[in-house]
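Now for the letters of each chain:
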Amino acid sequence: MNNTITSTYILAIESSCDDTAAAVLHNDKVLSNVVANQDIHQEYGGVVPELASRAHQQNIVPVVTAALRKANIDKNQLSAIAFTSGPGLLGSLLVGTSFAKSFAMGLDIPLIDVNHMQAHILAHFIDEEGYSKPTFPFLGVTISGGHTQIVRVDDYFTMEVIGQTIDDAVGEAFDKSAKILGLPYPGGPLIDKYAQLGDPKAFPFTKPKVGGLDFSFSGLKTQIMYFVQKQQLADPSFIDNRRDDVCASIQYTIVNILMDKIKKAVKETGITQIAIGGGVSANSGIRTALKASESKYGWTTYLPKFQYTTDNAAMIGIVGYLKYNELSEKNAYQDLGISAQSRLKI
Ligand code: KG4
Ligand code: ZN
């Protein structure tokens, strides 16, 4: 391990999917966290990879410039550049990767590659007033539009995936259900919004039967589709009339599926610290269920600040900082030969 470095400025870049993001961290504190969302995908009801790459190319320079300006940092003060090397959409990743490589080469500073899935978990180590950091070991639960994983975390870089989805990610389950209800993409936050007005037990959906700690969401999506079609035959205004109750019932089912597996993971590992991340961790249902588990089961739960739950570069920056300080130079830094990897395991 390196001697503790007292003042590290990391510029972080994230471009794995449809958000172009840059952040500057001073040690484990976030100085700036800029995200440019790509609205273009809304009209297609999902992320279109080719459009995402083009939008990243347009956004990357202004986003990095804004991150440096907001942090009030000159590029020559930077200690290293951290970037997402995977997993994600290859064309999108390549934009961030190429930019990070050229910038690090131009400034002659280290280049640090970051695994997006590790970053969702290590976002909990960002120093934020009012937020405490988990201690090892803990269970990292990453729930997003691309992934659904339960990860045993024994140290910053000692992680093991102990459960994951065998088909759709939980965010996809939210988004596809929303699409069935005619809601715009991404529909997860809208399901959450309407769910808060409805009755969660109005329509009982069955939960999938999947072994171990793995998840499955594709069956639920099909079940919801047939259910809505059937109801619409009887009442063409069904969605308008019962939107809140349908959303509440969908959310209730998804939250139960997640909580069942987390409970099982706690039972199997004996670990009662749960740290959630990924876009779906913004969901009010899962947040309430996790908070309730503290008094109900004696767990300690960690819920990140909202801007660190969805895709962002601050989480890439904290991994950059931890690698810079915790790992040897050989393990922390990448040479310019590194390339983006769409499939990258934790
Ligand atoms: O982490 P993220 O920004 O991107 C990925 O890495 O996938 O997650 C985006 C996902 C989308 O599926 C979106 O619908 C979902 O997170 N999401 C939500 C909520 N906020 C975002 N799902 C349910 N309830 C929410 N409040
Ligand atoms: Zn993500």
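Above this note sits the structure.
The notes below deal with the structure included here. (Residues numbered from 1 in each chain as written. Chains lettered and ligands numbered in written order. Predicted model: local features only at pLDDT ≥ 70, side-chain atom pairs only at ≥ 80, totals over all residues. Heavy atoms only, no water.)

## A closer look at the pairing of strand β6 (residues 138-143)
The criterion, for reference: For every residue, the accessible area (1.4 Å probe, protein chains only) is compared with the maximum for its type, and the residue is labelled buried under 20%, exposed over 50%, or partly exposed between those bounds. Strands here are runs of E lasting at least two residues and helices are runs of H or I lasting at least four, both read from the DSSP assignment and numbered beginning at the N terminus. DSSP bridges decide pairing: two strands pair if at least two such bridges lie between them.
Most of β6 sits out of view: six of its six residues are buried. Here β6 shows two buried faces, one formed by Phe138, Gly140 and Thr142 and the other by Leu139, Val141 and Ile143. Here β6 pairs with strand β7 (residues 148-155) via six bridges, running antiparallel. Following the sheet pairing, Thr142 is matched in β7 by Gln149. Where β6 folds back on β7, the antiparallel hairpin that results is connected by four residues. Note that β6 and strand β9 (residues 273-277) share four bridges and pair parallel. Bridge assignment links Val141 to a residue of β9, and that residue is Ile276.

## Looking at the packing of aromatic side chains
Under the convention used in this document: Working definition: rings of Phe, Tyr and Trp (its six-membered ring) pair if their centres are within 6.5 Å, and the pair is stacked with planes under 30 degrees apart, edge-to-face with planes over 60 apart, and tilted otherwise. Think of it as a cone above the ring: NZ of Lys or CZ of Arg counts as a charge over the ring if it is within 6 Å of the ring centre and within 35 degrees of the ring normal.
Tallied over the entire structure, the rule returns 14 aromatic pairs. An angle of 90° between the planes, with centres 5.2 Å apart, marks the rings of Phe205 and Phe227 as edge-to-face. Placement of the pair is Phe205 in the loop between α5 (188-195) and α6 (218-234) and Phe227 in helix α6, with a sequence separation of 22 residues. Following the ring pairs from residue to residue traces out a cluster consisting of Phe125, Phe136, Phe138, Tyr156 and Phe157. Above the face of the Tyr194 ring, Arg243 is positioned so that its terminal group lies 3.6 Å from the ring centre.

## Considerations on the packing of helix α4 (residues 170-180) against α6
Convention followed: Fitted lines through C-alpha atoms give the axes, limited to the stretch in contact for helices. The angle between two N-to-C directions lies from 0 to 180 degrees. Under this scheme an angle from 65 to 115 degrees is roughly perpendicular, one under 35 degrees roughly parallel, and one over 145 degrees roughly antiparallel; angles in between are oblique. Two helices cross in a left-handed way if the nearer one is turned anticlockwise from the farther one by less than a right angle. They cross in a right-handed way if the turn is clockwise. In what follows, a contact means two residues having at least one pair of non-hydrogen atoms within 4.5 Å. Amino acids are sorted into nonpolar (Ala, Val, Leu, Ile, Met, Phe, Trp, Tyr, Cys and Pro), charged (Asp, Glu, Lys and Arg) and polar (every other residue, Gly among them).
Two elements in contact, α4 and α6, have axes whose closest approach is 10 Å; the angle formed by their N-to-C orientations is 15°. In terms of axis orientation, α4 runs roughly parallel to α6. Seen from above, α4 lies across α6 with right-handed handedness. Facing α4, whose interface residues are Lys176, Ser177 and Ile180, α6 presents Lys221, Ile224, Met225 and Val228. Its residues assigned to classes, the contact of α4 with α6 shows four nonpolar, one polar and two charged.

## Some remarks on the coordination of the zinc ion (ligand 2)
Test applied: The donor set comprises N, O and S atoms within 2.8 Å of the metal, extended to 3.2 Å for Na, K and Ca; water molecules are omitted, so apparent gaps in a site may simply reflect that omission. Metal sites are grouped by the angles between bound donors: all angles between 85 and 135 degrees with four donors is tetrahedral, opposite donors over 155 degrees apart with the others between 65 and 115 is square planar for four donors and octahedral for six, and any other pattern is irregular.
Looking at the zinc ion (ligand 2), one finds its protein donor set to be His116 (NE2), His120 (NE2) and Asp311 (OD), positioned 2.1 to 2.2 Å from the metal centre. One can describe the site at the zinc ion (ligand 2) as irregular: its four donor atoms subtend angles covering 91 to 146° at the metal. Sequence spacing of the donor residues for the zinc ion (ligand 2), all on one chain, is H-x3-H-x190-D. Taken together, the residues span about one helical turn, with His116 and His120 both in helix α3 (residues 116-122) at a distance of four residues. The same class applies to His116 as to His120, namely buried.

## Brief notes about the side chain of Gln118
Inspection of the secondary structure puts Gln118 in helix α3. Aside from chain neighbours lying at most four places away, what touches Gln118 is Phe157, Met159 and Ile346.

## Let's talk about the sheet that holds strand β5 (residues 111-115)
Across the sheet, five strands lie side by side as β3-β2-β1-β4-β5; this open sheet has mixed pairing. Where the open sheet ends on each side, the last strands, each with one partner, are β3 (29-37) and β5. Put simply, the sheet's adjacent strands are angled 20° from each other on average, direction ignored. Two strands pair when backbone bridges link them, and strand β1 (residues 9-14) and strand β4 (residues 80-86) are joined in this way by four bridges, in the parallel orientation. Bridging across to β4, Leu11 finds its partner in Ile81. Its contacts with the sheet place helix α1 (residues 49-71) against β1, β2 (19-26) and β3, and it is angled at close to 25° to β2.

## A word on the nonpolar core
If you look at soluble globular proteins, the nonpolar side chains tend to sit buried side by side. Heads up, the condition is: As used here, the term nonpolar core means buried Ala, Val, Leu, Ile, Met, Phe, Trp, Tyr and Cys residues forming a set that is joined through side-chain atoms within 4.5 Å.
One finds Ile254, Ile274 and Leu290 to be the most contacted residues of the largest nonpolar core, which totals 44 residues. Every element with two or more residues in this core is listed here: β6, α4, α5, α6, α7 (238-269), β9 and α8 (284-297). Per-element tally for this core: the top contributor is α7, with 14 residues. Once you skip the residues sitting within four places of it in the chain, Leu290 turns out to touch Met259, Ile262, Ile274, Ile276, Trp299, Thr301 and Leu303. Counting residues in each nonpolar core, the second largest holds 32 residues, with Ala23, Leu25, Phe125 and Ile316 among its members.

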